[in-house]
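Listed below, chain by chain, are the residues.
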Protein chains: 2
Amino acid sequence: MEVTIYEVAQRAGVSIATVSRTLRGTGPVADKTRQKVLKAVEELSFTPSRLGVSLAEGRHAANGIVFPNLAGPYYTEVLLGYEEVASELGRSVLILSTKGRSQVRDLVKDLAGRVDGMVVFGQTVPEDLVAELIAAELPLVFLSRDPVPGAATLRSENTAAATRLAEHLRGHGYDSYAFLGAPYAVGDDVSERWAGVSAVLGSAIEPVLTTEYTVESGYAAALELLRSRHRPRALICSDDEVALGALLAAEELGLAVPDDLAVTGWDDIMAARHARPALTTIRQPMRELGARAARTLDELITGGRAAASTHHVLSTELVVRSSCGVHPLEESP
Amino acid sequence: MEVTIYEVAQRAGVSIATVSRTLRGTGPVADKTRQKVLKAVEELSFTPSRLGVSLAEGRHAANGIVFPNLAGPYYTEVLLGYEEVASELGRSVLILSTKGRSQVRDLVKDLAGRVDGMVVFGQTVPEDLVAELIAAELPLVFLSRDPVPGAATLRSENTAAATRLAEHLRGHGYDSYAFLGAPYAVGDDVSERWAGVSAVLGSAIEPVLTTEYTVESGYAAALELLRSRHRPRALICSDDEVALGALLAAEELGLAVPDDLAVTGWDDIMAARHARPALTTIRQPMRELGARAARTLDELITGGRAAASTHHVLSTELVVRSSCGVHPLEESP
DNA sequence: TTGTACGCGTTATCAG
DNA sequence: CTGATAACGCGTACAA
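Report follows, based on the coordinates. (Residues numbered from 1 in each chain as written. Chains lettered and ligands numbered in written order. Predicted model: local features only at pLDDT ≥ 70, side-chain atom pairs only at ≥ 80, totals over all residues. Heavy atoms only, no water.)

1. Here's the deal with the overall build of chain A
Then comes step 1: Along its length, chain A carries 13 helices and 12 strands.
Then comes step 2: Along the first, second and third principal axes, the C-alpha atoms of chain A reach 85 × 40 × 35 Å.
Then comes step 3: Summing over all exposed atoms, chain A offers an accessible surface of approximately 14400 Å²; the carbon and sulfur share of this is 52%.
Then comes step 4: For chain A, the separation between the mean place of its 32 positive charges and that of its 43 negative charges on side chains is 7 Å. (Helix = DSSP H or I, 4+ residues; strand = E, 2+ residues; numbered from the N terminus. Areas by Shrake-Rupley, 256 points an atom, 1.4 Å probe, with all protein chains shown as cover. Lys, Arg positive; Asp, Glu negative; His and termini not counted. Charge placed at Lys NZ, Arg CZ, Asp CG, Glu CD.)

2. Things to note about the protein's contact with DNA strand C
Then comes step 1: Residues in close proximity to DNA strand C total 28 residues, the closest being A:Ala30, A:Thr33, B:Ile5, B:Ser20 and B:Ser49.
Then comes step 2: Expressed as a percentage, the sugar and phosphate content of the atoms of DNA strand C within 4 Å of the protein is 62%. (Near = heavy atom within 4 Å.)

3. Here's the deal with the nonpolar core
Then comes step 1: Counting residues in hydrophobic clusters, the biggest one holds 56 residues, and the most contacted among them are A:Leu180, A:Leu235, A:Val263, B:Leu180, B:Leu235 and B:Val263.
Then comes step 2: Setting aside chain neighbours within four positions, we find A:Val263 in contact with A:Leu235, A:Cys237, A:Ala243, A:Ala246, A:Leu247, A:Val257, A:Leu279, A:Thr280, A:Ser323 and A:Cys324.
Then comes step 3: Counting 54 residues, the second largest nonpolar core, distinct from the first, contains A:Val93, A:Met286, B:Ile65 and B:Val78. (Core = buried A, V, L, I, M, F, W, Y, C linked by side-chain atoms within 4.5 Å. Buried < 20%, exposed > 50% of the residue type's maximum accessible area, 1.4 Å probe, protein only. Contact = heavy atoms within 4.5 Å.)

4. Observations regarding the relation of the copies chain B and chain A
Then comes step 1: Each copy of the sequence occupies a distinct position, and chain B is placed on chain A by a rotation of 180° and an axial shift of 0.0 Å, giving an RMSD of 0.1 Å. In symmetry terms, the pair is related by a two-fold rotation axis.
Then comes step 2: With an isologous cut-off of 70% or more, the 98% of interface residues of chain B that recur at the interface of chain A puts this contact in the isologous class. (Least-squares fit on C-alpha atoms with pLDDT ≥ 70 in both.)

5. A few points about the protein's contact with DNA strand D
Then comes step 1: Within the structure, DNA strand D sits among 27 residues, and A:Ile5, A:Ser49, B:Thr18, B:Ala30 and B:Thr33 are positioned closest to it.
Then comes step 2: Per the 4 Å cut-off to the protein, sugar and phosphate atoms form 65% of the nearby atoms of DNA strand D.
Then comes step 3: Within the side chain of A:Ser20, one N or O atom sits 3.0 Å away from a phosphate oxygen of DNA strand D.
Then comes step 4: Contact distances for DNA strand D include 3.0 Å between a base nitrogen and a side-chain N or O atom of B:Arg21.
Then comes step 5: Of the residues belonging to the surface near DNA strand D, the class tally is 17 nonpolar, eight polar and two charged. (Polar contact = N/O pair within 3.5 Å; in protein donor to acceptor, adjacent residues only side chain to side chain. Nonpolar A, V, L, I, M, F, W, Y, C, P; charged D, E, K, R; others polar.)

6. Section: the interface of chain B and chain A
Then comes step 1: Each partner contributes residues to the interface: chain B has 44 residues there, and chain A has 43 residues.
Then comes step 2: Summing the contributions of chain B and of chain A, the shared interface buries around 3800 Å²; its carbon and sulfur component is 59%.
Then comes step 3: Three residues stand out in chain B for area buried against chain A, namely B:Leu51, B:His274 and B:Arg276, and they jointly supply 17% of the buried area on that side.
Then comes step 4: Put simply, chain B and chain A have six salt bridges between them.
Then comes step 5: Here A:Glu83 ties to B:Arg101 by a salt bridge, and the two come within 2.5 Å at their closest N and O atoms. (Buried area = accessible area lost by both parts, 1.4 Å probe. Salt bridge = Lys/Arg side-chain N within 4 Å of Asp/Glu carboxyl O.)

7. Observations regarding the pairing of strand S8 (residues 234-237) of chain B
Residues and elements named next belong to chain B.
Then comes step 1: Here S8 shows two buried faces, one formed by Ala 234 and Ile 236 and the other by Leu 235 and Cys 237.
Then comes step 2: In this structure, strand S6 (residues 177-181) lies alongside S8, joined through four bridges in parallel fashion. Looking at the pairing, Ala 178 lines up with Leu 235 of S8.
Then comes step 3: The pairing of S8 with strand S9 (residues 262-264) spans three bridges and is classified as parallel. Note on S9: the bridge partner recorded for Leu 235 is Val 263.
Then comes step 4: Taken together, S8, helix H11 (residues 240-252) and S9 form a β-α-β motif whose crossover is right-handed. (Pairing = 2+ DSSP bridges. Right-handed = clockwise from strand over helix to strand, strands pointing away.)

8. Comments concerning the packing of helix H1 (residues 5-12) of chain A against helix H2 (residues 16-24) of chain A
Residues and elements named next belong to chain A.
Then comes step 1: At their nearest, the axes of H1 and H2 sit 8 Å apart, and the two run at 100° to each other. Relative to H2, the element H1 is oriented roughly perpendicular. From H1, Ile 5, Tyr 6, Val 8 and Ala 9 reach across to H2, where they touch Ile 16, Val 19 and Ser 20.
Then comes step 2: Residues that form the contact of H1 with H2 fall into these classes: six nonpolar, one polar and no charged. (Axes fitted to C-alpha atoms, helices over the stretch in contact; angles between N-to-C directions. Parallel < 35°, antiparallel > 145°, perpendicular 65-115°, else oblique.)

9. A closer look at the environment of A:Glu77
Residues and elements named next belong to chain A.
Then comes step 1: In this fold, Glu 77 is placed in helix H5 (residues 73-88).
Then comes step 2: In this structure Glu 77 comes out as buried when scored by relative accessible area, which is 18%.
Then comes step 3: Discounting residues that sit within four places of it in the chain, Glu 77 has contacts with Met 286 and Arg 287.

10. Some details on helix H9 (residues 189-201) of chain A
All names here are of chain A.
Then comes step 1: Between its first and last C-alpha, H9 extends 19 Å over 13 residues, near the 18 Å set by a 1.5 Å rise per residue.
Then comes step 2: Burial analysis of H9 places 10 of its 13 residues in the buried class, the great majority of the element.
Then comes step 3: Within the sequence span of H9, burial applies to Asp 189, Val 190, Ser 191, Glu 192, Arg 193, Trp 194, Gly 196, Val 197, Val 200 and Leu 201.
Then comes step 4: Two or three places before Val 190, at the start of H9, stands the capping residue Asp 188, its side-chain oxygen 3.3 Å from that residue's backbone nitrogen.
Then comes step 5: Immediately downstream of H9, the backbone of Gly 202 shows phi near 55°, a positive value. (Expected span 1.5 Å × (residues − 1).)

Just distances and angles here, no functional claims.
Okay, here's the thing in structure tokens:
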């Protein structure tokens, strides 16, 4: 098997306590003794068992993060920011994607048993399980959901941005709109976006459902919509991938964007900038979201329950490109 | 703290052995006893400590995966395929990105201590550490690197695809080429791609270095190259993101693609399809790469050393779109 | 400065 | 069918 601390102790002619002290720098060790120990460690290439350490220390030195879905740029950008900070803070990161999984409960509980705390995207874990985890006092940071007592939450601003976007489009003079998005739950990002745009556009906009937030489903939904009798003049999509699908559908139908049809997205993923026409969208600080979540979680774990009631909202930015219409003056790369 | 098996045993009026047997279904338990135990478990909402289980079982039921970088669609697509399969096989997944980290050795060793095996992208871990891990008999699957004795390897086909691509471009009649890619090491993907294209194009192609594989560095390198006196007629980029950057540079210089300049990428990420002109590229089965890696690793862990010498190469596909030139007949979405 | 012995939470062997 | 008890690998009071 693996070499244990006992073998090291024996070889160095000391007790395991001395080996532990030497390696961790806790407590005093005579210089000469230290040398013997380090020599034995070197010769046996000893590495303390993570399991043993965790069991004794009573902590995992690891965090988890739960996504609805690992496909697409949005979540992976958040993950990037998260992993970077978590790793910097000396914590390993475990991931779990719930997409298409039947045993979500078990998977989440298993994950919970492997970490000192975790970040959870809204709408990925059933509410009763959420309550269970909070009751167990597991440090928790939720992303993109309404505040929960006993856990920190973090999200990007949606409603005000949606308002700005809607007003911008109205400024182009369009008279009919559609909002393209999959079924959304109360308190999630998309419901907030809908609230923002519908507040401005009123009865001029109507919601249209896609099956999911992917290029394919955006394409399919847009195709059907654009072929219908009441084709809207502008399409506000709930995320960039849906918008890219809409662009594809427009192209297939021979509709010019933005002249025949305006299209906007949300998130500002890489492809948004490279699409032609380039996509007008709302930029979300995805990496920052992940990074902040990692820091907040760390505070929750180390600092105790103090930070448990922090609820932050990161600001977003309207990025005007060309898919929403022609702009004589403004232009943003 | 947490509720332990002892409390359950006490409450049920049995020994911890009986609790364990009941919960795991190992060994016989009288029906009546079982009921008592399950009741106690329910009332205390007991969940066995993962640490205790792992220590006793001698396994983590977790795997790791090491990336050079979590940014960009390529690695995250691989991760997606990996996580899906690993999770299905009942293994948690730990991730580690080495990009910009100073203590890679320590991070990798720590990860190694938390898992039953791991997947490692080539060029992320120093060779001596690789040897160390193999010597420790840790099950290992390498991605995109030359075979290593003692570990399985898996990669996408590069050279033949590069040859096909080069021949296709030559068919367009171009006379001068540049290959855009960051410094590459022997045995990595990009060196194989260069080998393939240079074998066909000979002295008509010359390598140009970017600083990394990103849109930004592709843009910068292309800008400089395209402004030089000997502007090539075609740009073979080592990956799609570099190619997207090149497209941006061409646009800025007023060069029409493909009429003034042909551009090709590699990987077929989402943005490749949505760029205008749409990018001709080599499609790599990224998800499949991750999925296969997870399965191979599982075999290594469970099946013993049998599969340790498997070396698979997944096939790739030339995707002809419009950025490489006008095609009277062929066209592929 | 060093060593002993116990605790951490399971699983599994071996008597009964 | 059930119960002690020995691992598993380490950290650390406490004693020396």
